[in-house]
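Now for the letters of each chain:
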Amino acid sequence: MSVRVRYAPSPTGLQHIGGVRTALFNYFYAKSMGGSFILRVEDTDQERYSDESLQDLYDTFEWLGIQWDEGPDVGGDYGPYIQSERFELYQKYAAQLVEAGKAYPCYCTAERLDEMRAEQAKDKKGHQGYDRHCRDLSPDERTALDAKGLKSVIRFKIPLEGTTIFHDEVLGDVKRKNRDISPDPILLKSDGFPTYHLANIVDDHLMEITHIMRAQEWLPSGSLHVLLYQAFGWEPPKYCHLPMVMGKDGQKLSKRHGSTSLLDFRKEGYLPEALINYVSMIGWSYDDSREFFTKEELEKLFTLDKLNKAPGVFDYKKLIWFDGQYIRQKDDAELKALLIPYLIADGIVSDIPTAEELAIFDGAYPIIKERMKVLSEVSGLVRFLFKDIESYQPELAVPKKLDPLTAYKCLQVAREILTGFEGRSDEDNEEAFRKGAEDMQVNMGAVLQPVRVALTGTTVSPPLFESIRLLGVEKTLKRVDRLLEAIFTTYGPESE
Ligand code: GLU
Ligand code: ZN
């Protein structure tokens, strides 16, 4: 039987690292097994549903370049692939379980359930959860309640005795006493909407899903789902609960750790290749050493036996480093095409960049390609070539250990050296600055750093000599003069 796996997100929020990892593992498993990857939208929670979340789902996977074989937009033989379009089915299957005596209508009102919970809260050691009040109503009692027009939900009869065991491909046998499973969960709400449990297993069955790969937080649902399969007389799929995704502090990854939505990573300018590669290494490893994989390689190499039991750690620093590596491998024309929209959005170049702007950018491109870690850094790196410095912060040009007067003099020395900059080789310029620093009895940074500040208005720039050459000595000198003036204005006679 060929492998059929699914990603079954609920469109109640933005796609995040954990969800995308689940999707990728399902996708890679399908590809490596020559099977099918299915997208099913689980939109039964109408209160938390949002159109933006659904759109974000499509946008994220389009951006990642991940396609499903069957799904709401591409169709397939097992559709519809959106649960809200399958409602009658769930009602039919719930009725089937009631008929077989494996589920039952519950007429408890919200008030009764509130009272029950309040009582239970007083005795934490006693029974918790639904008290099975309606489980043993006789057919006549039910008919009477229906005749009164009372609303009901359908609850699943969890066996009172026994243990449910299922095999998980990652975790081994998972055993749970039936009495520890949440008592008689709701399958169908009073408005006819299914709950997650019913819709999820009905669809997995009807869509002939062979393997359930999902986050480990769904593990407790596993036992309940297996009982549901048994109640229907269906064969459960294979289970494979994926290792948790943690932050570096060992806590479950969440917004506290930083961005987790793919939208944020997209905006910051991460490359999809880098994200796919890095996210696939959380909880899965090919061997002890290899870290770099293209999507195409993972489509061939992914196997379940290389999933880890232990949680995986999402390390923001490692991801950004990965991204830098991918940027450097990128084809130049492609990378430029990705960078220019950032320059436009940040107002560095015109909406339709002029030939002159493009020429300046081309000049800077080789050195920034070597330094960039995420695409959005580009504007900060090249801004000084396009824009004058609006105002200087003179304190940036006065290193902590120096007094303003010495700092001012160092910049004057640097200015002198810069006048002959163009006629010298890099080595000779280096030597000139070294000698200038020696004469001033300061380290070389004290002479070079203010030049960097003059050039860019900040303490960071692409390599300094390259930056001077790109801007031109004439403009550099003008900026040095403005900075000298700014230091003088701020620190006054102290600096003269
Ligand atoms: N709709 C569930 C979710 O949002 C699916 C869980 C599962 O894969 O069974 O994650
Ligand atoms: Zn009840």
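I will try to describe carefully the structure that is included in this document. (Residues numbered from 1 in each chain as written. Chains lettered and ligands numbered in written order. Predicted model: local features only at pLDDT ≥ 70, side-chain atom pairs only at ≥ 80, totals over all residues. Heavy atoms only, no water.)

### Details of the overall build of the chain
The condition is simple: Counting from the N terminus, the helices are the DSSP runs of H or I reaching at least four residues and the strands are the DSSP runs of E reaching at least two. We take the radius of gyration over the C-alpha atoms and set the globule estimate at 2.2 Å times the residue count to the 0.38 power. Relative accessibility thresholds used throughout: buried, under 20% of the residue-type maximum; exposed, over 50%; partly exposed, between the two (1.4 Å probe, protein chains only). Contact between two residues is taken to exist if any of their heavy atoms lie within 4.5 Å; hydrogens are not considered. Each accessible area value is a Shrake-Rupley result obtained with a 1.4 Å probe; residue values ignore everything except the protein chains displayed when judging cover.
A count of helices and strands for the chain gives 19 helices and eleven strands. Here the chain has a C-alpha radius of gyration of 32 Å; the compact-globule value for 496 residues is 23 Å, and the former is much larger. Seen through its C-alpha atoms, the chain measures out along the principal axes to roughly 100 × 55 × 45 Å. When the 496 residues of the chain are sorted by exposure, 49% land in the buried category. Of all intrachain contacts in the chain linking residues separated by at least 6 positions in sequence, the fraction that spans at least 24 positions is 75%. A total of about 24400 Å² of accessible surface is found on the chain, and carbon and sulfur atoms cover 50% of it.

### A closer look at the packing of helix α6 (residues 196–206) against helix α7 (residues 219–232)
When two helices pack together, their arrangement is given by the angle between the helix axes and by the axis-to-axis distance. Put simply, the rule reads: Working convention: axes come from line fits to C-alpha atoms, limited for helices to the stretch in contact. Angles between N-to-C directions cover 0 to 180 degrees. Angle categories: roughly parallel below 35 degrees, roughly antiparallel above 145, roughly perpendicular from 65 to 115, and oblique for all the rest. Handedness of each helix crossing follows the sense of rotation of the near helix against the far helix: counterclockwise by less than a right angle gives left-handed, clockwise gives right-handed. Three residue categories are used. Nonpolar comprises Ala, Val, Leu, Ile, Met, Phe, Trp, Tyr, Cys and Pro, charged comprises Asp, Glu, Lys and Arg, and polar comprises the others, including Gly.
Packing of α6 against α7 leaves a shortest axis separation of 10 Å and a crossing angle of 60 degrees. In terms of their interaxial angle, α6 and α7 are classed as oblique. Like other packed secondary-structure pairs, α6 and α7 cross with a definite hand, here right-handed. Residues Tyr196, His197, Leu198, Asn200, Ile201, Val202, Asp204 and His205 of α6 form the contact with α7, whose own contacting residues are Ser221, Leu224, His225, Leu228, Tyr229 and Phe232. Residues of the contact of α6 with α7, tallied by class, amount to eight nonpolar, five polar and one charged.

### A word on the packing of helix α15 (residues 404–419) against helix α17 (residues 444–456)
Packing of α15 against α17 brings their axes to within 9 Å, and their N-to-C directions diverge by 75 degrees. The angle between α15 and α17 places the two elements in the roughly perpendicular class. In this structure, α15 contributes Cys410, Leu411, Ala414 and Leu418 to the contact, and α17 contributes Ala446, Val447, Pro450 and Val451. Here the contact of α15 with α17 is composed, by residue class, of eight nonpolar, no polar and no charged.

### Some details on the site of ligand 1
Definition in use: Nearness is judged by heavy atoms alone; a residue qualifies as near a molecule or strand once a single heavy atom is within 4 Å of it. Here a polar contact is taken to be a pair of N or O atoms separated by no more than 3.5 Å, where protein atoms must pair a possible hydrogen donor with a possible acceptor and residues adjacent in sequence count only if both atoms sit in side chains. Throughout, the protein atoms alone are placed on a 1 Å grid, and a set of points is a cavity if a 1.4 Å probe fits but cannot get out or a pocket if it is open with protein on both sides within 12 Å along at least five of seven lines; lining residues have an atom within 4 Å of a point. Any molecule with more than half of its atoms within 2 Å of a cavity's or pocket's grid points is counted as sitting in it.
Around ligand 1, the neighbouring residues are Arg6, Ala8, Ser10, Glu42, Tyr196, Asn200, Arg214 and Trp218. Measuring from a nitrogen atom of ligand 1, one finds a side-chain N or O atom of Glu42 at 2.6 Å. Tyr196 places a side-chain nitrogen or oxygen 2.8 Å from an oxygen atom of ligand 1. Relative to its free-state accessible area of 290 Å², ligand 1 is covered by the protein chains to the extent of 84%. Because more than half of its atoms lie within 2 Å of the grid, ligand 1 is assigned to the largest pocket.

### Side note on the side chain of Thr476
Its location among the elements puts Thr476 in helix α19 (residues 473–491). Relative accessible area serves as the criterion here: at 1%, Thr476 is assigned to the buried category. For Thr476, the side chain forms a polar contact with the main-chain oxygen of Gly472, separated by 2.7 Å. When neighbours within four sequence positions are excluded, Thr476 is seen to be in contact with Leu418, Leu455, Ile468 and Leu471.

### Focus on the coordination of the zinc ion (ligand 2)
The following threshold applies: A donor here means an N, O or S atom no more than 2.8 Å from the metal, or no more than 3.2 Å when the metal is Na, K or Ca. Since water is not included, a site may seem to lack partners. A four-donor site is called tetrahedral if each angle lies between 85 and 135 degrees; a four-donor site is square planar, and a six-donor site octahedral, when trans pairs exceed 155 degrees and the remaining angles lie between 65 and 115; all other cases are labelled irregular.
Distances from the zinc ion (ligand 2) to its protein donors, namely Cys106 (SG), Cys108 (SG), Tyr130 (OH) and Cys134 (SG), fall within the range 2.1 to 2.3 Å. What the four donor atoms of the zinc ion (ligand 2) show is an angle range of 97 to 120 degrees at the metal, which sorts the shape as tetrahedral.

### As for the environment of Ala274
With respect to the helices and strands, Ala274 occurs in helix α9 (residues 272–280). For Ala274, a relative accessible area of 0% corresponds to the buried category. For the pair Ala274 and Leu411, spaced 137 residues apart in sequence, the C-alpha to C-alpha distance is 42 Å. If we ignore the near neighbours within four places in the chain, the residues touching Ala274 are Leu319, Phe322, Asp323 and Tyr326.

### Observations concerning the pairing of strand β1 (residues 4–7)
Selection rule: For two strands to be treated as a pair, DSSP must find at least two bridges joining them. By convention, a crossover is right-handed whenever its connection, traced from the first strand over the helix to the second and viewed with the strands pointing away, goes clockwise.
The side-chain alternation of β1 yields two buried faces, one formed by Arg4 and Arg6 and the other by Val5 and Tyr7. Examined bridge by bridge, β1 and strand β2 (residues 36–39) share four bridges and lie parallel to one another. Within β2, the position partnered with Arg4 by the bridge is Ser36. Where the polypeptide runs from β1 across helix α1 (residues 17–32) and back to β2, its parallel neighbour, the crossover connection is right-handed.

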